[in-house]
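# Architecture and fold: a report
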Amino acid sequence: MGDVLIVGGTGGIGLELARHFVRRGRAVVLTGRQADAAAKVTAGLDGPGTARAIDLDLAEPGTLAATLNDVGELDRLALVAVERDRNTVAAYDHERANRLTTLKLVGYTEVVRVLAPRLTVDASVLLFGGAARERPYPGSTTVSIVNAGIAGMVAARVNAIHPGAVADTPYWADGGALLDAIAQRTLTGRAPHPETGREALYLASPYVTHVNDVSRAEGRAILDLLYRHIETTEFSYRHQWRVGDLVVWDNRCTQHLAVADYFPQERLMHRMNIAGDRPR
Ligand SMILES: NC(=O)c1ccc[n+]([C@@H]2O[C@H](COP(=O)([O-])OP(=O)(O)OC[C@H]3O[C@@H](n4cnc5c(N)ncnc54)[C@H](OP(=O)(O)O)[C@@H]3O)[C@@H](O)[C@H]2O)c1
C-alpha cells in the first residue's frame, strides 16, 4: 500500500479527505501554498494515521517535479486545489484567468505526469472539477472552462468529481443568500438539482393546474408540450420485473407510471419514500 497525496488539502473538501484518511490510519501528504499554514493543518489532524505537509503552487508548473521529489509510492492521489476566481467576460481579468487555467489544467496534469511512475498498480487518481461546467453562474467564466477541461482529462482509472453549487461544502457555507441569488437567475427560479447541478422542472399533470401570467389556453399548450417532451422514449426506462427486484429512482427529476398490463393478476406493492431536499 502506498501513501495518500492530497493536492489542496489545507481547506474545504481536501481537508475533509485528509481527515478521513488519517482517521483510517493512512499516511497522508497534503499540500498548500504556504509551508507553515499547511504544517499547522497537519498538526490538527487526529487519528491513527500520519500527516505531513509540503508547499507547492500549481500555478507554477515548472517547479512541481522538484517539489514532489520526496513523495514516495502512492495509492491515492487526489487533486482538489482551486483558487477562487470570480471572473466575468464583461470585466475579464486575464491574469487571474491564466492562473486558474494553469493551476487546474496544466498544474493538475503536471502533477499526474510527475507522479505516474510512483502510483501502485491499484492506485486511483481523483480530479475535482465542478458543476459550473454545465451550470455557469455570474463570475464563473474561467471556473466553467476549467471544470469542462477536467471532464475532458478523465480517462481510464481517473475519476472526476464535480461538486455542484448546492453541494454542502465549506465554500458555500454562507449558503442561503448566495444560493437564493443563483436560484433567482434560473429559468424556474429554483435551485438546481442538488447532486447533478442541473435545472429541473417539477411538473406532474394531476397537480399542475395552470401557468401563471398566460391565458388558460396558452398555459395548456405549454404544459402539453412539456408533458410530451417528458414522455419521449429516449428519456424513458421500462423495468421488466423479476422476482426479488428492488427499484429505486430519484423522484426529484423522474416521473413514474405503473403500466396496468397484468390483469387478471394482482399487483402487490411495497413502497418506501426516502427523505431528501425539498425542491425550491
Ligand atoms: N465548494 C464547492 O461548493 C465546490 C463546487 C464546485 C466545485 N468545487 C471544486 O472542488 C474542489 C475543492 O473545493 P473547495 O471549496 O474545498 O476548495 P477550497 O476550500 O477553496 O480549498 C482549496 C485548496 O486549494 C489550495 N490551493 C489554492 N490555490 C492553490 C495553488 N495555486 N496551488 C496549489 N494549491 C492551491 C488551497 O491551499 P492554500 O490556500 O493553503 O494554498 C486549499 O487547500 C475544487 O477543485 C473546486 O473547484 C467545489
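For the structure, check the block above.
Everything quoted here is computed from the prediction, not taken from an experiment.

## Some points on the overall build of the chain
Along its length, the chain carries seven helices and six strands. In sequence order, the secondary structure elements of the chain are arranged as β-α-β-α-β-α-β-α-β-α-β-α-α. A separation threshold of at least 6 residues defines the contact pool for the chain, and within that pool the share at least 24 residues apart is 60%.

## Let's talk about helix H1 (residues 12-23)
Compared with the 16 Å implied by 1.5 Å per residue over twelve residues, the 17 Å span of H1 between its first and last C-alpha is a close match. Taken together, the buried positions of H1 are Ile 13, Gly 14, Leu 15, Leu 17, Ala 18, Phe 21 and Val 22. The elements touched by buried residues of H1 are strand E1 (3-7), strand E2 (27-32), helix H2 (35-43), strand E3 (50-55), strand E4 (74-79) and strand E5 (119-128). Two residues or fewer past H1, Gly 25 is found with a positive phi of approximately 80°.

## Focus on the sheet that holds E4
Taken in spatial order, the six strands line up as E3-E2-E1-E4-E5-E6 in an open sheet, and their pairing is parallel. Each edge of the open sheet carries a strand with a single partner, namely E3 and strand E6 (158-161). Each strand axis lies, on average, 15° off the axis of its neighbour in the sheet, ignoring direction. Strand direction decides the pairing type here: E4 and E5, joined by five bridges, are parallel. The residue of E5 that forms the bridge with Leu 79 is Leu 127. Together, E1, E2, E3, E4 and E5 form the strand contacts of H1, whose direction differs from that of E2 by roughly 165°. Sheet contacts for H2: E2 and E3; angle to E3, the most-contacted strand, approximately 170°.

## A short note on the nonpolar core
If you look at the biggest cluster of nonpolar residues, it comprises 40 residues, and the most contacted ones within it are Ile 6, Val 7, Ala 18, Val 28, Leu 30, Leu 79 and Val 80. Listing elements by their share of this core, those giving two or more residues are E1, H1, E2, E3, E4, helix H4 (94-115), E5 and helix H5 (141-153). A per-element tally of this core places H1 first, with six residues. Beyond its immediate chain neighbours, meaning those up to four positions away, Val 7 contacts Thr 31, Leu 58, Ala 78, Leu 79, Val 80, Ala 81 and Val 111.

## A word on the pairing of E3
One face of the sheet, then the other: side chains in a regular strand alternate in exactly this way. Direction of pairing for E2 relative to E3: parallel, over a ladder of six bridges. Along E3, the bridge assignment pairs Leu 30 with Ala 53. The parallel pair E2 and E3 is bridged by H2, and the resulting crossover is right-handed.

## Quick look at the packing of H4 against H5
Axis angle and axis distance: for two packed helices, these are the angle between their axes and the distance between the axes, and together they describe the pair. Packing of H4 against H5 brings their axes to within 9 Å, and their N-to-C directions diverge by 10°. With respect to their mutual orientation, H4 and H5 come out roughly parallel. Regarding H4 and H5, the two cross each other, and that crossing is right-handed. Each of Ala 97, Leu 100, Thr 101, Lys 104, Leu 105 and Thr 109 in H4 lies in contact with H5, whose residues at this interface are Thr 142, Ile 145, Val 146, Gly 149, Ile 150 and Met 153.

## Things to note about the environment of Lys 104
Its location among the elements puts Lys 104 in helix H4. Taking C-alpha positions, Lys 104 is 6.9 Å from Val 82, a pair spaced 22 residues apart along the chain. Residues contacting Lys 104, with those up to four places away along its chain left out, are Val 82, Val 146, Gly 149 and Ile 150.

About the thresholds
- Residues numbered from 1 in each chain as written.
- Predicted model: local features only at pLDDT ≥ 70, side-chain atom pairs only at ≥ 80, totals over all residues.
- Helix = DSSP H or I, 4+ residues; strand = E, 2+ residues; numbered from the N terminus.
- Contact = placed C-beta atoms within 7 Å.
- Expected span 1.5 Å × (residues − 1).
- Buried ≥ 20, exposed ≤ 12 C-beta atoms within 10 Å, placed from the backbone.
- Pairing = 2+ DSSP bridges.
- Axes fitted to C-alpha atoms, helices over the stretch in contact; angles between N-to-C directions.
- Core = buried A, V, L, I, M, F, W, Y, C linked by C-beta atoms within 7 Å.
- Right-handed = clockwise from strand over helix to strand, strands pointing away.
- Parallel < 35°, antiparallel > 145°, perpendicular 65-115°, else oblique.
- Left-handed = near helix turned anticlockwise from the far one by under 90°.

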